Amino acid sequence: MMTPLPLPLGRLDHYTLIVPDAAACSRFHMEVLGFGWVREQKVNAGSAPEGEYDMLNHVLHLPGDPSRTMVVTEGLTEDSIFRKYLDAHGPGIHHVAYAVDDLAEAYRKLEEAEIPLTSKRIAHDPMTGLRQAFISRDKTGYFIELIERTEEAEEGVFKSGNMAELAKSMKSYIGEGEKAEPSVAATAAPTAVVGKLPCAIDEAKSFLSEPGNLPLWTAHQTVMKDSGGGWIERRMNGDVPLEVKVAANRVSFGWEFTEKPFEVHFDLDETPEGVRVTVPIPQGVDEARAVRTANAIKSELVLLSDALGASVEPKRLEEARQEMGRFHLEVYSRKGA
Ligand SMILES: [Fe+2]
């Protein structure tokens with residue numbers, strides 16, 4: 001007689017396959033089974049050199065249910081933990097994730113009931129607040145993930161840290177558990193920042209698309225009109241032309257550097273609780289820069305939601321303003337993007 005799970009398991013959040021060819025597998029799910037495309041994501045889960053990737057994910061949503069996702073994972077290199085896992089266990093379901101309300105409480109109960117977990121601690125992504133723990137695959141042949149999502153880490157949004165944590169939890173299942181663990185989480189750059197705005201999508205779009213508003217909510221505090229009526233950002237090393245483009249659900253900011261133009265996108269989705277905004281972190285920059293950018297964007301989203309009428313805790317607002325002041329100096333003194 002086994003001990004019953006001492007907590008109510010929440011709804012199925014997502015599941016992940018490990019396969020030799022993510023593109024072929026996701027194509028079958030979309031063309032034959034009616035799954036929907038969400039995004040492709042490349043991650044360095046710890047084995048690739050800086051600026052390169054060892055993991056490819058195709059994120060799909062279940063037929064008719066955009067809030068639940070299936071992740072199709074392919075290891076991109078021989079050294080990738082996902083390729084090694086595939087070699088050891090064959091293709092198929094790697095883990096199924098269920099939502100829980102309070103992961104700390106769930107984790108304590110699982111430990112009390114002596115249910116084997118893959119890690120002695122809860123994984124915590126400081127950027128999103130996302131928390132996760134994995135039940136070992138010894139009894140079932142696949143991992144069971146318990147996940148606590150916050151407002152900023154919604155269904156279907158996966159961060160590099162999330163993936164890296166998964167990679168770490170797998171090591172003991174391919175005979176690498178005894179080796180010193182590389183700091184995988186530390187080498188994973190954030191891929192996106194997600195926030196909520198307390199207004200209608202049109203209001204968010206019109207505020208975002210006005211370059212004159214940028215100094216109110218971003219580190220770009222020296223954006224102004226030039227003598228010809230175009231927008232520029234005044235910087236220490238000269239003025240940089242700035243262009244704002246508005247598409248259906250996307251507002252993009254482009255800085256026109258001659259050698260390498262630079263763009264940042266704000267993707268907007270209408271949800272019952274307001275507008276969800278997703279800002280992909282530009283990839284191909286070093287990890288420290290990606291982390292700084294992600295933190296700055298997070299503060300920008302705090303100021304943006306305040307400007308659009310959300311009631312933001314005064315302490316959080318003050319921290320975001322200070323962060324913007326610091327980041328402004330970095331942006332102002334940059335020579336390029
Ligand atoms: Fe997962």
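As a starting point, this report considers the structure included with it.

### Comments concerning unusual backbone geometry
Next up, step 1: For Glu114, which is not a glycine, the phi torsion comes out positive at approximately 55 degrees.
Next up, step 2: Within the secondary structure, Glu114 sits in the loop between helix H3 (103-112) and strand E6 (123-124).

### Some remarks on the sheet that holds strand E9 (residues 192-197)
Next up, step 1: The seven strands are arranged E9-E15-E14-E13-E12-E11-E10 in an open sheet whose pairing can be described as antiparallel. The open sheet is flanked by E9 and strand E10 (223-225), the only strands paired with a single partner. The mean inter-strand angle of the sheet, taken between neighbouring strand axes irrespective of direction, is 25 degrees.
Next up, step 2: Direction of pairing for strand E14 (residues 262-271) relative to strand E15 (residues 274-280): antiparallel, over a ladder of five bridges. Residue pairing across strands places Glu270 opposite Val275, the latter belonging to E15.
Next up, step 3: Packing against the sheet, helix H5 (residues 201-208) makes contact with E9, strand E12 (238-247), strand E13 (250-255), E14 and E15, and its axis sits at approximately 165 degrees to E14.

### Observations concerning the coordination of the iron ion
Next up, step 1: Protein-derived ligands of the iron ion are His14 (NE2), His95 (NE2) and Glu145 (OE), with the metal-ligand distances lying across 2.1 to 2.2 Å.
Next up, step 2: In the primary sequence, the donor residues of the iron ion line up as H-x80-H-x49-E. Residue His95 is found in strand E5 (residues 92-99), and its partner Glu145 is found in strand E8 (residues 143-148); the two are separated by 50 residues along the sequence.
Next up, step 3: The exposure class assigned to Glu145 is buried, which follows from its relative accessible area of 1%.

### Quick notes on the packing of aromatic side chains
Next up, step 1: Applying the stated rule across the entire model yields five aromatic pairs.
Next up, step 2: Taken together, a centroid distance of 5.4 Å and an interplanar angle of 85 degrees make the contact between Trp217 and Phe266 edge-to-face. Within this pair, whereas Trp217 is found in helix H6 (residues 214-217), its partner Phe266 is found in strand E14, the two being separated by 49 residues in sequence.
Next up, step 3: The buried category is assigned to Trp217, whose relative accessible area is 0%.
Next up, step 4: For the ring pair Trp255 and Phe262, a centre distance of 6.2 Å and an interplane angle of 50 degrees mean the geometry is tilted.
Next up, step 5: Of the residues examined, Trp255 reaches a relative accessible area of 4% and is grouped as buried.

### Here's the deal with a nonpolar patch on the surface
Next up, step 1: The grouping of Phe28, Val32 and Leu33 at the surface amounts to a nonpolar patch, some 290 Å² of accessible area in total.
Next up, step 2: As for its position among the elements, Phe28 is in helix H1 (residues 22-31).

Basis of the calculations
Numbering of residues starts from 1 in each chain and follows the order in which that chain's sequence is written. Residue-level local features of this predicted model are given only where pLDDT is at least 70; pairs of side-chain atoms are given and counted only at 80 or more, and the full residue set underlies all totals for whole chains, interfaces and linings. For side-chain calculations, the full set of non-hydrogen atoms in the structure is used, while hydrogens and water are omitted. Runs of H or I in DSSP of at least four residues are treated as helices and runs of E of at least two as strands, each being numbered from the N terminus. Strand pairing follows a simple DSSP-based rule, namely that at least 2 bridges must link the two strands. Axis lines are fitted through C-alpha atoms, for helices just across the contact stretch, and the angle between N-to-C directions can take any value from 0 to 180 degrees. A contact between two residues is defined here by any heavy atoms of the two lying within 4.5 Å. Only nitrogen, oxygen and sulfur atoms within 2.8 Å of the metal, or 3.2 Å for Na, K and Ca, are treated as donors, and water is left out, so sites may look incomplete. We call a residue buried when its accessible area falls under 20% of the maximum for its residue type, exposed when it is over 50%, and partly exposed in between, using a 1.4 Å probe and counting protein chains only. We call Phe, Tyr and Trp rings a pair once their centres come within 6.5 Å, taking the six-membered ring for Trp, and we label the pair stacked below 30 degrees between planes, edge-to-face above 60, and tilted otherwise. Excluding any residue in a salt bridge, patches collect residues exceeding 30% relative accessible area, merging like charges within 9 Å and nonpolar Val, Leu, Ile, Met, Phe, Trp and Tyr side chains within 5 Å. Residue exposure ignores everything except the shown protein chains as possible cover, and the areas themselves are Shrake-Rupley values with a 1.4 Å probe. We define a salt bridge as a side-chain nitrogen of Lys or Arg found within 4 Å of a carboxyl oxygen belonging to Asp or Glu.

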